[in-house]
Amino acid sequence: MSPTPSRPLVVGVVGSLNDGSVTRKATECALAAARQRGARTELLDLREYDLPAFDPNATPPADVEALTDRIEAADAVLLGTPMYHGSYSSPLKTALDYCGFDEFDDTTVGLLAVSGGSFPLPALEHLRSVCRAFEAWVLPHQAAITDSHAIDGALPDADRERLTELGERAVAYAGIDPSHPAEQCPGAPADD
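Residues numbered from 1 in each chain as written. Predicted model: local features only at pLDDT ≥ 70, side-chain atom pairs only at ≥ 80, totals over all residues. Heavy atoms only, no water.

Moving on: the overall build of the protein chain. Broken down by element type, the protein chain carries 6 helices and 5 strands. The linear arrangement of helices and strands in the protein chain, starting from the amino end, is β-α-β-α-β-α-α-β-α-β-α. Sorting the 192 residues of the protein chain into buried and exposed places 46% on the buried side. For the protein chain, the exposed area adds up to about 9500 Å²; of that, 47% sits on carbon and sulfur atoms. (Helix = DSSP H or I, 4+ residues; strand = E, 2+ residues; numbered from the N terminus. Buried < 20%, exposed > 50% of the residue type's maximum accessible area, 1.4 Å probe, protein only. Areas by Shrake-Rupley, 256 points an atom, 1.4 Å probe, with all protein chains shown as cover.)

In structure tokens form, the structure reads like this:
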């Protein structure tokens, strides 16, 4: 893994196809916080990609390479998803099915999930497991938005605070070497 530039690239992937998506608003909020911390940011809206269900026997469409190239170029990736039936969305699952170690190996990943009801812990747990399988370094801090059906307009302050922290941590830990995190973490204690 090459050293992270002074202005790391943080990419946000929106796993919702809904035009009025709270997930998109949440991902944009986290990316805005990353920009405030000096990062370059990019929003990958899965509505803009032709991503059929993954078929290992088919030639993938050109959009697959465009998407995976952007993810691989990132120093940190924020994955945003609505919670569908206790897990993350099928558009995000399809996008991740086209990815592998090359895109996520030693990449810092931040997770956010949006639920129309209660806390979307299963969706976050499922995404965390997938990212670990990719050998990504998943931030311990994650963001969740509940009762999204009640959000009309701007995100509530408490949600914005969690999303801001997620974006800031994505920058602070972008490009971390998981084999030696204590040597790179801001404020990490020295070994005895």
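The subject of this paragraph is the pattern of salt bridges. The full count for this structure, using the stated rule, is 7 salt bridges. With its nearest N and O atoms 2.9 Å apart, the salt bridge here joins Arg70 to Glu42. Here the residue Arg70 occupies a position in helix 2 (residues 62-73), and Glu42 occupies one in strand 2 (residues 40-45), the gap between them amounting to 28 residues. On the accessibility criterion, Glu42 (23% relative accessible area) is partly exposed. In this structure, Arg169 and Glu165 form a salt bridge, with 2.5 Å as the shortest nitrogen-oxygen distance. On the criterion of helical spacing, the pair formed by Arg169 and Glu165 is a turn pair, its members being 4 residues apart in helix 6 (residues 157-172). (Salt bridge = Lys/Arg side-chain N within 4 Å of Asp/Glu carboxyl O.)

Given 3.6 residues per helical turn, the α-helix brings residues three or four places apart onto the same face. Taking 1.5 Å as the rise per residue, helix 6 with 16 residues should run 22 Å; its terminal C-alpha atoms sit 22 Å apart, in good agreement. Regarding helix 6, the residues found buried are Asp159, Leu163, Leu166, Gly167, Ala170 and Val171. For helix 6, the angular spread of the buried residues around the axis is 135 degrees, confining them to a single face. For helix 6, the exposed residues set more than 90 degrees away from the buried face come down to Asp157 and Glu161. Check the buried side of helix 6 and you find it contacts strand 1 (9-14), helix 1 (22-36), strand 3 (76-82), strand 4 (108-114) and strand 5 (137-145). (Expected span 1.5 Å × (residues − 1). Arc of directions from axis to C-beta. Contact = heavy atoms within 4.5 Å.)

Before going further, it helps to spend a moment on the pairing of strand 4. The buried fraction of strand 4 amounts to 7 of the 7 residues, a majority that puts the element mostly inside the structure. Residues Thr108, Gly110, Leu112 and Val114 point to one face of strand 4 and Val109, Leu111 and Ala113 to the other, with burial holding for every one of them. As paired strands, strand 3 and strand 4 are joined by 7 bridges and run parallel to one another. Residue Thr81 lies in a different strand from strand 4, and its bridge partner there is Ala113. Where strand 4 lies against strand 5, 6 bridges are found, and the strand directions are parallel. (Pairing = 2+ DSSP bridges.)

Of note, Asp50 is situated in the loop between strand 2 and helix 2. With 45 residues separating them in the primary sequence, Asp50 and Ala95 have C-alpha atoms 9.9 Å apart. Contact partners of Asp50, with chain neighbours within four places excluded, come to Pro61 and Asp63.

Further remarks concern the side chain of Ser87. Here Ser87 shows up in the loop between strand 3 and helix 3 (90-97). Other than its neighbours up to four places away in sequence, Ser87 contacts Pro82, Ala123 and His126.

Both trends apply: most residues other than glycine have a negative phi, and most peptide bonds are in trans. With a phi close to 50 degrees, His85 is a non-glycine residue in the positive phi region. Of note, His85 is situated in the loop between strand 3 and helix 3. Taking relative accessible area as the criterion, His85 reaches 86% and is therefore assigned exposed.

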